[in-house]
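Listed below are the residues making up each chain.
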Amino acid sequence: MRKLSLFIALIAMSGCLKENSTYADTKLIKKIGAQLKGSIILYNDSKTDKLVSPRTAEMSAVKMVPASDWTSGFYPGELWMMYELTKNEFWKENALKFTLPIEQEKWNGKTHDMGFKMYSSFGRAYFATKNPKFRDVLIQSAKTLATRFNPNVGCIRSWDFNSKVWGFPVIIDNMMNLELLFWAAKETGNVSYKNIAIIHAKTTLKNHFRADYSSFHVVDYKPRDWRSPKKQTYQGYSDESAWSRGQAWALYGYTMVYRETGDDKYLEHAEKIATYILNHPNLPDHKIPFWDFNDPKIPNVPFDASAGAIVASALYELSTFSDKGAEYLETANHIIKTLSIPKFLSEGGSNNGFLLKHSTGSKPGNSEVDVPLVYADYYYIESLLRRKNLIKIKKYMKKKTKY
Ligand code: GLY
């Protein structure tokens, strides 16, 4: 039944991909490419042995971070996606220069951020080149990540800091690291990686969501009371609020878990999260969320363009699975259109080499508020890549209808 309605949805959806999308995207990709070429020169100059990747700009200067930072894989990932979009060797050569310095992270068991760091960089490197060395790095990364799984809790532990406050904190962002485990299970035949990912997704579905399908940020499963975990925030407005990027991670995460498992409960969950985000009265008409859906000072608060870009990328994928595909595709296009106007997309040579403006890292921590953030750019480019692949589906459908 799902398959038949999906086929009908795909036909309806193909109408939303306007004929001129390919042309418009080609122009946009050229514009982005010019900005990224400038950024490569700037970031190569700012790189040191220890500071290997750009994260944001502070006081008008680019902030480079060490390999251990959770964002270190995004910039190389952007360059790998440019290679995929253009097939120009220039991008591959430069992607390698920013990918190789983070290899050591495959041994770093002190964080859950393995998927963010390694799947975005070495993952894309492996898919583009099929170099077995990159495959080995990824498998070791999955092995290290799996050591953070606690079978009693049914989750991978997110953070080790703040241990006086939290016993076993799990943040909604952690859903994003599961893709590496699903991949490792398929690649090695070791189903325990997949089992860990599914158990984590199930436990998170049970404990991280409110009745309206918004997500808490942090759920603390203390060793002694893991059956009644404590629900809080770290980067949101309040424990009870819906921090925008957290909702975006949840949407993207459960869409991906559905892709990897084919289990309808995850598709339904992703659709419900989408409904929460897209119908929220505080979502502006241009569809880029404010940093938290429940900040009482809305509209006089900063946006989070990174949340918008993550939601767009998730919706492009969800549109291929859901009966509501046409609506999701239209909204994803709307978000990308907004992110591509001068208010959000920087002019060439400005913004310290970053593409998007107006993202927010941690408002409560007064850190990275209304700034460029590398992961906003990553998911913006991924959205364009996903849209390009949807255009391929459209061409295929057109060919099919001829017979
Ligand atoms: N994973 C950290 C963040 O979204 O800010």
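This text goes with the structure placed above it.
Residues numbered from 1 in each chain as written. Predicted model: local features only at pLDDT ≥ 70, side-chain atom pairs only at ≥ 80, totals over all residues. Heavy atoms only, no water.

1. Considerations on the overall build of the protein
The helix and strand inventory of the protein stands at 13 helices and 9 strands. Projected onto its principal axes, the C-alpha positions of the protein cover 60 × 55 × 50 Å. When the 403 residues of the protein are sorted by exposure, 59% land in the buried category. Once local pairs closer than 6 in sequence are excluded, the contacts in the protein between residues at least 24 apart make up 66%. (Helix = DSSP H or I, 4+ residues; strand = E, 2+ residues; numbered from the N terminus. Buried < 20%, exposed > 50% of the residue type's maximum accessible area, 1.4 Å probe, protein only. Contact = heavy atoms within 4.5 Å.)

2. Section: the site of the ligand
The local shell around the ligand consists of Trp70, Asp173, Gln235, Trp243, Arg245 and Trp249. Asp173 has a polar side-chain atom sitting 2.7 Å from a nitrogen atom of the ligand. The side chain of Trp249 places a nitrogen or oxygen atom 3.0 Å from an oxygen atom of the ligand. For the ligand, whose unbound accessible area comes to 200 Å², protein coverage reaches 92%. (Near = heavy atom within 4 Å. Polar contact = N/O pair within 3.5 Å; in protein donor to acceptor, adjacent residues only side chain to side chain. Areas by Shrake-Rupley, 256 points an atom, 1.4 Å probe, with all protein chains shown as cover.)

3. So, the pairing of strand β1 (residues 53-58)
Among the 6 residues of β1, 5 are classified as buried, and the element is accordingly described as predominantly covered. Across 5 bridges, β1 lies against strand β2 (residues 61-65) in antiparallel orientation. Bridge assignment links Pro54 to a residue of β2, and that residue is Met64. Count of turn residues in the β1/β2 antiparallel hairpin: 2 residues, of which Met59 carries a positive phi of about 45 degrees. (Pairing = 2+ DSSP bridges.)

4. What to know about helix α12 (residues 325-339)
With 15 residues, α12 should cover 21 Å at 1.5 Å per step; its first-to-last C-alpha distance of 21 Å lies within 8% of that length. Considered for burial, the residues of α12 that qualify are Gly325, Tyr328, Leu329, Thr331, Ala332, Asn333, Ile335, Ile336, Thr338 and Leu339. (Expected span 1.5 Å × (residues − 1).)

5. Here we look at the side chain of Asp69
Of note, Asp69 is situated in the loop between β2 and α3 (74-86). The class of Asp69 is buried, set by a relative accessible area of 15%.

6. Brief notes about the environment of Lys47
Tracing the sequence through the fold places Lys47 in the loop between α2 (21-46) and β1. Here Lys47 is in contact with Val52, Met64, Lys97, Phe98 and Pro101, once residues within four sequence places are set aside. For Lys47, the side chain forms a polar contact with the main-chain oxygen of Lys97, separated by 3.0 Å.

7. Overview of α3
Between its first and last C-alpha atoms α3 spans 18 Å; for 13 residues at 1.5 Å apiece the expected length is 18 Å, and the two agree. Residues of α3 that are buried include every one of Phe74, Tyr75, Pro76, Gly77, Glu78, Leu79, Trp80, Met81, Met82, Tyr83 and Leu85, and no others.

8. So, the pairing of strand β9 (residues 367-371)
With 3 bridges joining them, strand β8 (residues 359-362) and β9 adopt antiparallel strand pairing. Across the sheet, Thr360 pairs through a bridge with Val369, a residue of β9. Hairpin connection of β8 to β9: 4 residues between the antiparallel strands, including Asn366 at a positive phi of 50 degrees.

9. Description of the side chain of Arg148
Residue placement: Arg148 occurs in the loop between α6 (132-146) and β3 (149-150). If sequence neighbours within four positions are ignored, Arg148 has contacts with Gly109, Lys110, Thr111, His112, Cys155, Ile156, Arg157, Ser158, Trp159, Asp160 and Phe168.

10. Considerations on the pattern of salt bridges
Counted by the stated rule, this structure contains 21 salt bridges. Salt-bridge contacts for Glu347 lead to Lys31; the nearest nitrogen and oxygen are separated by 3.6 Å. Here Glu347 is found in the loop between α12 and β8, whereas its partner Lys31 is found in helix α2, with 316 residues between them in sequence. One salt bridge in this structure joins Arg157 and Asp160, with 3.1 Å as the shortest N-O distance. One continuous salt-bridge network, built from bridges that share partners, spans Arg124, Glu179, Lys186, Arg259, Glu260, Glu317, Glu382 and Arg386. (Salt bridge = Lys/Arg side-chain N within 4 Å of Asp/Glu carboxyl O.)

11. Description of the environment of Arg135
Tracing the sequence through the fold places Arg135 in helix α6. With 175 residues separating them in the primary sequence, Arg135 and Ile310 have C-alpha atoms 26 Å apart. Once residues within four sequence positions are removed from consideration, Arg135 is found in contact with Tyr126, Trp183 and Glu187. A polar atom in the side chain of Arg135 sits 2.8 Å from the side chain of Glu187.

12. As for the packing of α6 against helix α7 (residues 178-188)
When two helices pack together, their arrangement is given by the angle between the helix axes and the distance between those axes. Two elements in contact, α6 and α7, have axes separated by 9 Å at closest approach and are oriented at 120 degrees. Classified by the angle between their axes, α6 and α7 sit oblique to one another. For the element pair α6 and α7, the recorded crossing hand is left-handed. In contact with Arg135, Leu138, Ile139, Ser141, Ala142 and Leu145 of α6, α7 contributes Leu180, Leu181, Trp183, Ala184, Glu187 and Thr188. Along the lines of polarity and charge, the residues of the contact of α6 with α7 split into 8 nonpolar, 2 polar and 2 charged. (Axes fitted to C-alpha atoms, helices over the stretch in contact; angles between N-to-C directions. Parallel < 35°, antiparallel > 145°, perpendicular 65-115°, else oblique. Left-handed = near helix turned anticlockwise from the far one by under 90°. Nonpolar A, V, L, I, M, F, W, Y, C, P; charged D, E, K, R; others polar.)

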